[in-house]
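# Descriptive structure summary
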Amino acid sequence: MSQKVRVRFAPSPTGPLHIGGVRTALFNYLFAKKHGGDFVLRIEDTDQNRYVEGAEDYIIEALNWCGIPFDEGPSTPLKTGPGKETRFGPYRQSERKDLYSQYALELIEKGHAYYAFDTSERLDFHRKDHEAKGKTFIYNWHNRLKLDNSLSLSAEDTKSKLDSGQPYVIRFKSPQDEKLHLNDIIRGDIEIDTNVLDDKILFKSDGMPTYHLANIVDDHLMEITHVIRGEEWLPSLALHQLLYNAFGWDAPKFAHLPLIMKPTGKGKLSKRDGEKGGFPVFPLSWNESEGYREAGYFSEAVVNFLAMLGWNPGTEQELFSLEDLVQEFSLERVNKSGARFDPEKTKWYNHQWLQLKSSAELAELFGSVLAEKEISREAGNDSYVEKVVGLIKERADFPSDFWELGSYFFEAPTTYAEKPVKKQWKENTPQILQNVAKIIGNTSDFTSENLETKIKEWIASNELSFGKVMGPLRLVIVGDLKGPHLFDILAMIGKEACLVRIENAIKTLG
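Quick look at the structure, then. Fair warning: this is a prediction, and the values are worked out from it, not measured in the lab.

A few words now on the overall build of the chain. When helices and strands are counted, the chain shows 20 helices and 13 strands. For the chain, whose C-alpha radius of gyration is 33 Å, the value lies well above the compact-globule estimate of 24 Å for 510 residues. Taken along its principal axes, the extent of the C-alpha atoms in the chain is 110 × 60 × 40 Å. Pairs at least 24 apart in sequence give 72% of the contacts found in the chain among residues at least 6 apart. Total accessible area computed for the chain in this model is approximately 25300 Å², and 47% of it derives from carbon and sulfur atoms. Taking the average location of the 63 positive side-chain charges in the chain and that of its 76 negative ones, the two points are 4 Å from each other.

Inspection of the entire model under this criterion finds 23 aromatic pairs. Look at Tyr 211 and Trp 233: their rings are 4.3 Å apart centre to centre, the planes differ by 20°, and that puts the pair in the stacked class. Of the two residues, Tyr 211 sits in helix α6 (residues 211-221) while Trp 233 sits in the loop between β10 (226-230) and α7 (237-247), which places them 22 residues apart along the sequence. Judged by its relative accessible area of 28%, Trp 233 is partly exposed. Seen from their ring centres, Tyr 297 and Phe 398 are 4.8 Å apart, and the 75° between their planes marks the pair as edge-to-face. With Tyr 297 in the loop between α8 (271-277) and α9 (299-307) and Phe 398 in the loop between α13 (382-392) and α14 (402-406), this pair connects stretches of sequence that are 101 residues apart. Since its relative accessible area comes to 8%, Tyr 297 is described here as buried. Every member of this aromatic cluster is reached through a ring pair, and the members are Phe 279, Tyr 292, Tyr 297, Phe 305, Phe 341 and Phe 398. The ring of Phe 88 carries the charged tip of Arg 6 above its face, separated from the ring centre by 3.9 Å. We note Arg 171 situated over the ring of Tyr 139; from NZ or CZ to the ring centre the distance is 3.8 Å.

Ranked by internal contacts, the top residues of the largest apolar core, which has 109 residues, are Phe 409, Phe 410 and Leu 473. For Leu 473, the residues in contact, after removing those within four places along its chain, are Leu 433, Val 436, Ile 455, Leu 486, Leu 490 and Ile 502. If you look at the next biggest cluster of nonpolar residues, it comprises 35 residues, including Ala 113, Tyr 115, Leu 197 and Ala 246.

In space, the 3 strands of this open sheet follow the order β5-β6-β9, with antiparallel pairing throughout. Each edge of the open sheet carries a strand with a single partner, namely β5 (113-116) and β9 (201-204). Across the sheet, the axes of successive neighbouring strands diverge by a mean angle of 25°, strand direction being ignored. Bridge count for β5 against strand β6 (residues 169-172) is 4 bridges, and the pairing is antiparallel. By the bridge assignment for β6, Ala 116 is matched with Val 169. Docked against the sheet, helix α3 (residues 97-109) engages β5, β6 and β9, running at close to 105° with respect to β5.

So, about helix α2 (residues 55-66). With 12 residues, α2 extends 17 Å from end C-alpha to end C-alpha; this agrees with the ideal 16 Å at 1.5 Å per step. Summarising burial for α2: 9 of the 12 residues are buried, a large majority. Within the span of α2, buried status applies to Ala 55, Glu 56, Tyr 58, Ile 59, Ile 60, Ala 62, Leu 63, Trp 65 and Cys 66. Residues of α2 that are buried in the fold lie against β1 (6-9), α1 (19-34), β2 (38-41) and α9. Looking one or two residues past α2, Gly 67 carries a phi angle of roughly 80°, positive in sign.

Cut-offs applied
- Residues numbered from 1 in each chain as written.
- Predicted model: local features only at pLDDT ≥ 70, side-chain atom pairs only at ≥ 80, totals over all residues.
- Heavy atoms only, no water.
- Helix = DSSP H or I, 4+ residues; strand = E, 2+ residues; numbered from the N terminus.
- Rg over C-alpha atoms; globule rule 2.2 N^0.38 Å.
- Contact = heavy atoms within 4.5 Å.
- Areas by Shrake-Rupley, 256 points an atom, 1.4 Å probe, with all protein chains shown as cover.
- Lys, Arg positive; Asp, Glu negative; His and termini not counted.
- Charge placed at Lys NZ, Arg CZ, Asp CG, Glu CD.
- Phe/Tyr/Trp six-rings, centres within 6.5 Å; stacked < 30°, edge-to-face > 60°.
- Buried < 20%, exposed > 50% of the residue type's maximum accessible area, 1.4 Å probe, protein only.
- Lys NZ or Arg CZ within 6 Å of the ring centre and 35° of its normal.
- Core = buried A, V, L, I, M, F, W, Y, C linked by side-chain atoms within 4.5 Å.
- Pairing = 2+ DSSP bridges.
- Axes fitted to C-alpha atoms, helices over the stretch in contact; angles between N-to-C directions.
- Expected span 1.5 Å × (residues − 1).

Fair warning: the whole summary comes from geometry, so function is off the table for now.
Here it is as structure tokens:
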């Protein structure tokens, strides 16, 4: 690519960033970095009625947590171009609103747009009248000369209405009887009959542009080369291409990403699906809705599973670091059809990334849980916690699972699982365990390997089954029939703790 790649992620600050939006940002980021380009964040806040306090900060924090920060965006300084200072900002549309009117007027001068003075009541009348006749009202070539606009009015009447301050909008004049040929990197060639397009509003007399005009003008002025956005914008592609044509500008290349679909049924993934299924749909918590970060997901896992929603690497590989994704990503391998969201698969990804973390990293995360439970520093020292994590992490999906998986490394069980007790605790079990206790008490080299050798030799010499000894021994040490290699547990908790637990269990269970 001869021209430097520049892409943008342009969310509206109307609430929290949905993971579908995060995926759009991710794909933009991957494409930019793959081609040595710039990833721009632009805040599209022209609709001030829907503006939500804190939403912009949330968007920025979410991108940073995911490890996909923008190169340019709100608060970034001036950029210096070759031989001259070029400013692509500001990056909030509300701070750019003075730009747009000149472009709307330019379209009127070129004959590609017009003033329309129709009241909402009059337009509503036309819609209902069409519905009554079994038709659909579309404001375009078919009827615009019959409506209240500068195409049907004389120049004098139009000027009079404008001078008197009558409310107006500026509409795009969609061409008649043309076939528009478009290309989408993901979807290929698209043909549109311009007769089915309506004359979209571009600008309002309150001085604010609509999304369509602001979007095109900003993309042009910011020298955006590729527009990578959600499938929901596909119906706007024709208008956007026509606007580029009308201005005489080169259009960027377009790529429309597939929707992220519900886990079951039809439609795209929503906040309600998350509430119903008990899984996050936002990267970070927002009000009462838990985010992936707060639910214990690693950002690497979130980025990994989002990348695989709609993109196919062409191999069996499923685990990708961000660096891997930058190397492998291409828009040509993005699917056209929607990607089904699978909450269980997201847990699988987190499990995989947890296994890749060092025991030291995981011990630090576990340490806060131990501190809350006021585990003594002796039992919870860093080296000990690291060893515990190393033994139990294979069974964990989240760091929050560690306590349930390994509490017995820090506290002796006070209760014993009912079903294993019924199955494992026989009349001669106390006597067997007392003999095991003697072996433990007499073992000076208190390692996992040595304990295993001595106890298994004793079992064999007394012609006992392993089940009669090992099951009850695990039960009294752990409180249940769970956990890693039993002799590793014995060695970790130490001789004194082993003997106390055996003695307590015999007293409790009889």
